[in-house]
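# Close look at the chain arrangement
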Amino acid sequence: MRTPSAYGTHRGRRALLVVSALAAAVDLVSLVVGFAPGHAVAKPLLMPLLAAYCVASGAPRLLVGALLCGWGGDVLLLSDADPAFLAGMASFAAGHVCYLVLFQAYGSPRARAGLLAPLYATALVATVVALWPDLPAGLRVPVAGYSVLLTTMACASAVRFGALTGVGGALFLLSDTLIATGVADWPQLPRPDFWIMLTYVAAQFLLAGGTLRALEARPGPMATYGEMRSTTL
């Protein structure tokens, strides 16, 4: 039987997840109907709520750090100014580094690496080459460098942690590619901000959930994981 304290912890985690989902729904609906204040309020809440859920779930600090870097990028990208865009990209880049270190520390290489790595590399080169002429001159090198880091993270998420995180990494790549096409002034889908946020929110939820699931599935008791986490991170 679950003890009262364990039940309370479970209820708290579930409440945080529900509130996170509600905040995401408010943000997405606000984008669909064009309610800018709703987006401005809900967007900065998304990653802190998801990070709080991960903390309550005993996640490694690297995962929490990745989500909080995403929060920094979210807030900065609420502004349309070029310096804010570059700072937001740097914040997301720091989050990708956190993810990469996390995958390296806790994941294990899988057989699919030989197939996925060339596919992601091809997608990276094709995307950068296609976007390059249409990007503002001052953003070409930063976007290309960021794309290398993002693509590496997306590939590593699948290679080292499995399908769930792999889908999350792929959606993150798709979301940021949609942003890049907007910066390059390519034709956009109706309500482009909705599609960007939909793929981004799904990506972060899947990366977080997939990481937690992968860690729970590791052999050995959770106490061993806790000891390793306290000494490694």
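Note that this is a predicted model, so its numbers are computed, not measured. (Residues numbered from 1 in each chain as written. Predicted model: local features only at pLDDT ≥ 70, side-chain atom pairs only at ≥ 80, totals over all residues. Heavy atoms only, no water.)

### A few points about the overall build of the chain
The helix and strand tally for the chain stands at 9 helices and 0 strands. The helix and strand sequence of the chain, counted from the amino end, reads α-α-α-α-α-α-α-α-α. Here the analysis covers contacts within the chain between residues at least 6 apart in sequence; of these, 75% occur between residues at least 24 apart. Accessible surface, the chain: about 11,500 Å² in total, of which carbon and sulfur atoms supply 71%. (Helix = DSSP H or I, 4+ residues; strand = E, 2+ residues; numbered from the N terminus. Contact = heavy atoms within 4.5 Å. Areas by Shrake-Rupley, 256 points an atom, 1.4 Å probe, with all protein chains shown as cover.)

### Quick look at the environment of L174
Locating L174 in the fold gives a position in helix α7 (residues 163-183). According to the relative accessible area criterion, L174 is partly exposed, its value standing at 40%. (Buried < 20%, exposed > 50% of the residue type's maximum accessible area, 1.4 Å probe, protein only.)

### Things to note about unusual backbone geometry
Phi is positive for D185, close to 65°, though the residue is something other than glycine. Along the chain, the position of D185 falls in the loop between α7 and α8 (192-216). Positive phi is not limited to glycine here, since R191 has a value of about 50°.

### Digging into the side chain of H96
If you trace the backbone, H96 turns up in helix α4 (residues 82-106). For H96, the contacting residues outside a window of four places in its chain are Y146, L149, L150, M153, F172 and D176.

### Details of a nonpolar patch on the surface
Taken together, the side chains of V29, V32, V33 and F35 define a hydrophobic patch exposed on the protein surface, amounting to about 370 Å² of accessible area. Structurally, V33 can be placed in helix α1 (residues 4-33). Owing to a relative accessible area of 54%, V33 belongs among the exposed residues under this scheme. (Patch = residues over 30% accessible without salt bridge, like charges linked within 9 Å, V, L, I, M, F, W, Y side chains within 5 Å. Salt bridge = Lys/Arg side-chain N within 4 Å of Asp/Glu carboxyl O.)

### Quick word on the environment of L150
Counting through the fold element by element, L150 comes out in helix α6 (residues 137-161). Here L150 falls in the buried class, since its relative accessible area comes to 3%. For the pair L150 and L100, spaced 50 residues apart in sequence, the C-alpha separation works out to 9.6 Å. Apart from residues no more than four positions distant in its own chain, L150 is found in contact with H96, F172, L173 and D176.

### Looking at the environment of V41
Note on placement: V41 falls in helix α2 (residues 36-56). Judged by relative accessible area, V41 falls into the exposed class, the value being 57%. It is 9.2 Å that separates the C-alpha atoms of V41 and V26, two residues lying 15 residues apart in sequence.

### Some thoughts on the packing of aromatic side chains
Using the criterion set out here, one finds 6 aromatic pairs in the structure. Residues F92 and F172 carry aromatic rings whose centres are separated by 6.2 Å and whose planes lie at 85° to one another, so their mutual orientation is edge-to-face. Of the two residues, F92 is situated in helix α4 and F172 in helix α7; the sequence distance between them amounts to 80 residues. With centroids separated by 5.7 Å and ring planes inclined at 80°, the aromatic side chains of F92 and Y200 adopt a geometry described as edge-to-face. A residue pair is termed long-range when its members are at least 10 positions apart, and F92 in helix α4 and Y200 in helix α8 qualify at 108 residues. For the pair formed by F92 and Y200, the shared burial category is buried. Aromatic ring contacts, followed pair by pair, group F92, F172 and Y200 into a single cluster. (Phe/Tyr/Trp six-rings, centres within 6.5 Å; stacked < 30°, edge-to-face > 60°.)

### Some details on the confidence of the model for the chain
Residues with a pLDDT of 70 or more make up 88% of the chain, whose mean pLDDT is 89. A low-confidence stretch, residues 1-8 stays under pLDDT 50, and its non-local contacts, those more than four residues away or across chains, total 1 contact. Every residue in residues 221-233 scores below 50 in pLDDT, and together they form 18 contacts with partners more than four places removed in sequence or on other chains. (pLDDT = per-residue confidence, 0-100.)

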